[in-house]
Structure formats: C-alpha cells, structure tokens
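Here is how the chains run, residue by residue.
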Amino acid sequence: MPAKEIDLLKEKLISMRQDILQCLQHLDDGWQYLAEKDSEFEEEAQKADLSELYAQLDEREKEEIEAIDHALEKIGSLQYGKCEGCSKQIPLPRLQVLPATRFCLACSAKAEEKERIPPAFP
Ligand SMILES: [Zn+2]
C-alpha cells in the first residue's frame, strides 16, 4: 500500500480517537451532573437506566479506542492493512471506510457468524 495512503489513514485514526475521547469526556461531565442532581431528588429508577446506558456506551467506545490503538500499532510495525484472519491485504476502499478494521470482508463475515452461534445449554 502506498505510504501516502497509510499516512492519510493514520491521520483519520488519530482524529477518530480524539473524537471518541472528547465524547467520553462529555459523558463524564454529564454523568457527574446527573449524579449530583440525583442525590437531591432521589430519582433512583432514572439513575439506574442512565447508568446502564452509560455503561454500554463506555464499553463500546472503549472497544473502538482499542481497535484504533491496535491499528496504529500495526502501522508502526508495518503490518497495517493485513487481514488477521487470512493474512491477505485488506482492500483500500474497505480501509478507507473502516480504518480500524482487523479483517477483510470475508474474514469479518466469518467472525460475525461465529459470534451469532447461540451458546449451548446443558
Ligand atoms: Zn481475511
């Protein structure tokens, strides 16, 4: 892959990371405000709902940051753009849409299929 393209994708990854961190910061501020407000009004039900939502967002965003960091590490070790499933080059248009992806389309579909298999109950 041309170094120029990798540079562009690297910039994109870094700005994506900053966006997520900024978003998390806003969530933290909002959460603190709600926590203070709740101690006055004791809206326990609402608090539980919000805390659940917050936990979900936090988890998803943490995963995104991990994926971005992983991609940046791969750029550093010159492994960027290589599928971790089949070791083939991930097509550039896919990387432009999903710069933090670890898999080519075929391997990503396979990984999703695996996750969709329901756990076996005894
Ligand atoms: Zn693959």
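As a starting point, this report considers the structure included with it. Keep in mind that what you see is a predicted model, and the values were worked out from it rather than measured.

Secondary structure summary: the chain contains four helices and zero strands in total. Of the regular secondary structure in the chain, the N- to C-terminal order runs α-α-α-α. Expressed as a percentage of its 122 residues, the buried residues of the chain come to 8%. Contacts in the chain between residues at least 24 apart in sequence constitute 54% of all its contacts with a sequence separation of at least 6.

Another point: unusual backbone geometry. Phi at L78 is positive, roughly 60 degrees, even though this residue is not glycine. Note on placement: L78 falls in the loop between α2 (44–76) and α3 (92–97). Classification of L78 as exposed rests on a count of 9 C-beta atoms within 10 Å. Of note, the phi angle at S87 is positive, near 65 degrees, even though the residue is not glycine. Here S87 is to be found in the loop between α2 and α3. For S87, a count of 10 C-beta atoms within 10 Å corresponds to the exposed category.

Turning our eyes to something else, we now look at helix α4 (residues 105–116). Given a rise of 1.5 Å per residue, twelve residues ought to cover 16 Å, and the 17 Å separating the end C-alpha atoms of α4 matches this to within 8%. With zero of twelve residues buried, α4 is to be regarded as a mostly surface element.

With respect to the helices and strands, the residue K10 is situated in helix α1 (residues 3–41). According to the C-beta neighbour criterion, K10 is partly exposed, with 16 such atoms within 10 Å. Placed 62 residues apart in sequence, K10 and L72 show a C-alpha to C-alpha distance of 6.9 Å. When neighbours within four sequence positions are excluded, K10 is seen to be in contact with L72 and I75.

So, how was this worked out
Residues numbered from 1 in each chain as written. Predicted model: local features only at pLDDT ≥ 70, side-chain atom pairs only at ≥ 80, totals over all residues. Helix = DSSP H or I, 4+ residues; strand = E, 2+ residues; numbered from the N terminus. Buried ≥ 20, exposed ≤ 12 C-beta atoms within 10 Å, placed from the backbone. Contact = placed C-beta atoms within 7 Å. Expected span 1.5 Å × (residues − 1).

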